[in-house]
Amino acid sequence: MTKRVKGSCTTVLVGKKASIDGSTIISRNDDGHEALDPQRFVVVQPEEQPKNYQAVISGVKIELPDNPLRYTSMPNSILTNGIWPAAGINSENVAMSATETITTNPRIQGIDPYVDGGIGEEDIVTLVLPYIHSAREGVERLGALLKEFGTYEPNGIAFSDKEEVWWLETIGGHHWAAVRIPDDAYVVAPNRMNIDTFDFDSADTLCSADLKDLIEENHLNPDFEGYNLRHIFGSASIKDTVYNNPRAWYGQKYFTPDAEHDMMDQDLPFICRANRKISIEDVKFVLSSHFENTKFDPYGDGTENEKTLIRPIGINRNHNVHILQIRNGVADEIAGVHWLAYGANTFNTVVPFYANVNDTPACYKDATGTFDLNNMYWLSCATALLGDTDYNFYVDFRNTFELEAMSAYHRIQNETDKAVADQKDVQKFLEAANEKLATESLTRQTKLFGDMVISGSEHMKLRYNLND
């Protein structure tokens, strides 16, 4: 099999009663093992969807159904390792994010080992999102594919529609389990198996038909009572205590400040309740965070050991952040919003692109492997790199930029929402709104970068106090 490429992400899920406006939200930092990996934001039309799919990494061949739906997608620009669509919203307002790399243990691997010729992160959005009409249907379709073809890696996948949010985790080569996130709850999921307490008899859980028998027959349950899937199928390693658990802890402390947990705790809860309704800005903050106001902040005042002990959420290996929002209380034509930003998340903002379109703005669509400051991927990466050289000096530039940019995006979105009912061609109108949003974003990000260059040049080390 072609050399495996792994992701390394963080996910935030929000039920409709936990969000500020009654929308469902699934979101993820799409991270990699390289700092740079150009990304694109596109629309895949039904006629562009393959009928006979073949993976690059595993070589698996799968015949796909007829009549796929249109969907937004976020493929890699350089397709050496396949498409890697990452996330999208289809024309039925069903959203999907795939995948969050998770953990496993040798007990399940000894029973149901990975399948070298199976499916993986490269493939999953392409194989599932164009064919589903609800979040639950997404779980069921992916579950059937896992049973038939198997997988070569452990992954967590999020689905949502306007009513429900579902989270599925793969188990071994062919098994899986999924949980419907309660409407009043949120989840912060790092790179570990996250599902804890699991009720096989609940209407809000789905899983492989033989999963309970597999646990019992193979003596996999370490607990005296109940079923905790993280205990049964996941890990509790030293790496988890510094790489995974602290990310869940920080997100939970932000949404639920009164929560009292140790950041390295292996049993941090999966399902959580916030002390307020959660906004898009809240989700973006968590997915950009690097342990601010703690000694573990890489830009903070801790010791060098403290500042490098914990893996941040916002990191140089963020390739994009997507926040997929399915709104209630608005017309179906504008319900799906694909919020998007590129690069390391410390110096960018998410932009609310309408999903009900046939094309996307060029500056978000046309990134290549060639550096280009007229493209949002490369401009965002350059801004983050400059900001990293002196975070404390540049952070106030970022704060002002973020406030003003997000205000402008909300204003454009509010105006578009109000005007859409009068439009004869809604998709063209929304494409024009997306172009306006992209232009606003590119202009503001360019100004931020320019302001940072101009101000930073006065603080270069290569200087001298005497002039001619």
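Just above, that's the structure.
Since this is a predicted model, take the numbers as computed values, not measurements.

*Asks:* I'd like to hear about the pattern of salt bridges, residue by residue, with values.
*Replies:* Inspection of every chain in the model, using the stated rule, returns 18 salt bridges. Across the pair Asp-196 and Arg-230 runs a salt bridge, and its minimum N-O distance is 3.8 Å. You can see Asp-196 sitting in the loop between strand 12 (186-189) and strand 13 (205-207) and its partner Arg-230 sitting in helix 5 (residues 229-233), a full 34 residues away along the chain. For the pair formed by Asp-196 and Arg-230, the shared burial category is buried.

*Asks:* Give me the lowdown on helix 11 (residues 391-419), citing residues and values where you can.
*Replies:* A rise of 1.5 Å per residue sets the reference length of helix 11, with its 29 residues, at 42 Å; its end C-alpha atoms lie 40 Å apart and thus fit the reference within 8%. Within helix 11, burial applies to Tyr-391, Tyr-394, Val-395, Arg-398, Phe-401, Ala-405, Met-406, Ala-408, Tyr-409, Ile-412, Gln-413 and Thr-416.

*Asks:* If you had to explain the sheet that holds strand 10 (residues 165-171) to someone new, which residues and values would you point to?
*Replies:* Taken in spatial order, the six strands make up an open sheet running 7-8-9-10-11-13, and their pairing is antiparallel. The open sheet is flanked by strand 7 (87-89) and strand 13, the only strands paired with a single partner. In this sheet, adjacent strand axes meet at a mean angle of 15° when their direction is disregarded. Relative to strand 11 (residues 175-180), strand 10 is paired through six bridges, and the arrangement is antiparallel. Within the sheet, the bridge partner assigned to Ile-171 lies in strand 11 and is His-175.

*Asks:* Which residues make up the side chain of Thr-24, and what values do they have?
*Replies:* Along the polypeptide, Thr-24 turns up in strand 2 (residues 24-31). What makes Thr-24 buried here is its relative accessible area of 0%. A distance of 2.7 Å separates a polar atom in the side chain of Thr-24 from the backbone oxygen of Asp-161. In this view, Thr-24 contacts Val-14, Lys-16, Ser-160, Asp-161, Lys-162, Glu-163, Glu-164, Val-165, Leu-324, Gln-325 and Ile-326; residues no more than four positions away in its chain are not counted.

Criteria and cut-off values
Residues numbered from 1 in each chain as written. Predicted model: local features only at pLDDT ≥ 70, side-chain atom pairs only at ≥ 80, totals over all residues. Heavy atoms only, no water. Salt bridge = Lys/Arg side-chain N within 4 Å of Asp/Glu carboxyl O. Helix = DSSP H or I, 4+ residues; strand = E, 2+ residues; numbered from the N terminus. Buried < 20%, exposed > 50% of the residue type's maximum accessible area, 1.4 Å probe, protein only. Expected span 1.5 Å × (residues − 1). Pairing = 2+ DSSP bridges. Axes fitted to C-alpha atoms, helices over the stretch in contact; angles between N-to-C directions. Polar contact = N/O pair within 3.5 Å; in protein donor to acceptor, adjacent residues only side chain to side chain. Contact = heavy atoms within 4.5 Å.

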